[in-house]
There are 2 protein chains.
Amino acid sequence: MVATNALPHRAVVEHFVRQAVYQRLGKPLPERASGPSPLVVNVSARHCHLTLEAVETLFGKGHQLTVHKWLYQEGQFAAKETLTLIGPRSRVISNLRILGPCRNLNQVELSYTDGIALGFDLPLRSSGNIKGTLGCMLMGPAGFFKMSEGVIRALRHVHMSPDDADFYGVKAGGDMTLKIGGPCALTLEKMLVRVDKSFKLEVHIDTDEGNACNLQPDTPCELIA
Amino acid sequence: MVATNALPHRAVVEHFVRQAVYQRLGKPLPERASGPSPLVVNVSARHCHLTLEAVETLFGKGHQLTVHKWLYQEGQFAAKETLTLIGPRSRVISNLRILGPCRNLNQVELSYTDGIALGFDLPLRSSGNIKGTLGCMLMGPAGFFKMSEGVIRALRHVHMSPDDADFYGVKAGGDMTLKIGGPCALTLEKMLVRVDKSFKLEVHIDTDEGNACNLQPDTPCELIA
C-alpha cells in the first residue's frame, strides 16, 4: 500500500523554503530549521485500530477498509468506514473513525473528554500497551464485535527516524517537550519518543490538547529534547 | 448573599497543615507554601452569566436563581437552573449551567471542543469583553432569549487579592504561568491576572485544558510569575 498524497505537507514546503532562503542569504540556519526533517504536529481525533477479524465481523466477510484520507505517516490512512462504540454505561459514540491498515490488535483511542461523556475511566497508555484495560462493544453494519480490552487515552508522542533522534539527542522510549505558541500558548511535557526507520517526524496530540491551545496550521511549535 | 460552604477547600486545609508542620519542625517554608493564600485550580465547565431580564424571560417574571452549589469565590454559585443553547447552525447544547448571581451582561463561556461541536468560531476573550462577538439563542422553560453577542472562549485566568499580587510580584492585566504535573504534565502560559480585594487565589481553566492534563484534586500545580 503506497501513500498518494497529491501535495506535500505545508510544514515540508516551509522547511525547504526556509533552508533555501537562508542558503541564498549566506546565513547559518536557525536551530529549528537545521534538522533533517520539518516538524509536523497533528491532532488525532478519537479513532480505532482493528484486526482483520474485527473488520470482517463488523462489515462482512472479505470486507477491506477503503481509504478516506492518507495520513502523514507512510501507508497509514483514515478509512471511509466508521463505527458506533457502546460504552459500559450504554452510552454511545457514533462515527468512530477506523485507521488502516489492519493491525494485530484492537485498540480504541479516546480523549478524556470522550471518556467523561461515556462514563469511562480511561487509562493513559502508549499505543499497543493495552493489557488490563477496559473493553467496549463495537457496532458495524454487519454485526457487533466485543473488545475485551483496549480502550485507552494514548500517551502524547512523537514519531521520528533514527536521523531525527540523533539530531535531537533522544532515544526511543524517552521523553520530549513541545512548546506551542499563539494566544493560548502551552507546553506539553512527557511526550513519548517513538523511533523507526519508516517514521516521518510528526507529533500526535489529542483533541483535548489541540483545543486547549487552539492549534492551527500556522501555530508556531518547537520540539525540545 | 453569603457563601455557606460547610467544609473548607482541600487546598486551604493543606496550606495550613503545611505551614503548621514546617513551623513545628523549625524549618523555613518552601516558596510555594509561604504565600498568603493556598493555590486552588478549578476547571470551569461550559456555563453562562445572565442579566435579571434574561432570567425572567427564560424562567418567568419574578424568578430568582436558586443555589445548586457554592463556588470558591465568595458569593458566586452554580444555579440549579440550566438552559438549552441553540447555535447558528441550529445545533444545540442542553443543560448549560447558569452561574449566579445575575450580572449586568449576558455571556456564554464555551470550550473550543464545544465550539467545534456547535460549528461556532469562538473568539478568545477576557470575561466581560464581548463586543463584536457572535450571539446565540437561549431556551428556558418560560421562553426564548436572543443574545445578540457574548459567546466566547474565556481566557484562562487567575483571581487574586492585592496581597497575593504583591507576593507574586504581578499586576492586574498581566500574565502568569501555571505548571501542572502528573503523568500528562503541561504548562499553561498567558494566564490573565485579575486582582480584587474580594478575590480568593484561584485559577480557572476550561475543560479542554483540564482534560489535556487530566487535572485531579491531587495533581501538583505551581503558579509562576
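Residues numbered from 1 in each chain as written. Chains lettered and ligands numbered in written order. Predicted model: local features only at pLDDT ≥ 70, side-chain atom pairs only at ≥ 80, totals over all residues. Heavy atoms only, no water.

(A) Here's a closer look at the relation of the copies chain B and chain A. At an RMSD of 0.0 Å, chain B and chain A line up after a rotation of 180° and a shift of 0.0 Å along the axis. Both copies of the chain, as the preceding transformation shows, are related through a two-fold rotation axis. The residues that chain B uses at the interface reappear at the interface of chain A in 100% of cases, marking a shared surface. (Least-squares fit on C-alpha atoms with pLDDT ≥ 70 in both. Contact = heavy atoms within 4.5 Å.)

(B) Broad picture of the nonpolar core. Formed by 42 residues in total, the largest nonpolar core has its most connected members in A:Met160, A:Leu223, B:Met160 and B:Leu223. With residues up to four places along the chain from it excluded, the contact list for A:Leu223 reads A:Leu39, A:Val158, A:Met160, A:Tyr168, A:Met176, A:Thr177, A:Leu178, A:Met191, A:Leu201 and A:Val203. (Core = buried A, V, L, I, M, F, W, Y, C linked by side-chain atoms within 4.5 Å. Buried < 20%, exposed > 50% of the residue type's maximum accessible area, 1.4 Å probe, protein only.)

(C) Spatial organisation of the interface of chain B and chain A. Facing the 21 residues of chain B at the interface are 21 residues of chain A. Both sides together, the interface formed by chain B and chain A hides about 1800 Å², and carbon and sulfur atoms give 50% of it. At the boundary of chain B and chain A, one finds zero salt bridges. Inspection of the chain B/chain A interface yields 19 residue pairs in polar contact (both at pLDDT 80 or more). If one sorts the elements of the side of chain B that touches chain A by residue count, strand β13 (residues 186–195) of chain B sits on top with five residues. Of the residues assigned to the side of chain B that touches chain A, the class counts are nine nonpolar, five polar and seven charged. Where strand β13 (residues 186–195) of chain A lies against β13(B), three bridges are found, and the strand directions are antiparallel. Considered in β13(B), the bridge of A:Thr187 is made with B:Thr187. (Buried area = accessible area lost by both parts, 1.4 Å probe. Salt bridge = Lys/Arg side-chain N within 4 Å of Asp/Glu carboxyl O. Polar contact = N/O pair within 3.5 Å; in protein donor to acceptor, adjacent residues only side chain to side chain. Helix = DSSP H or I, 4+ residues; strand = E, 2+ residues; numbered from the N terminus. Nonpolar A, V, L, I, M, F, W, Y, C, P; charged D, E, K, R; others polar. Pairing = 2+ DSSP bridges.)

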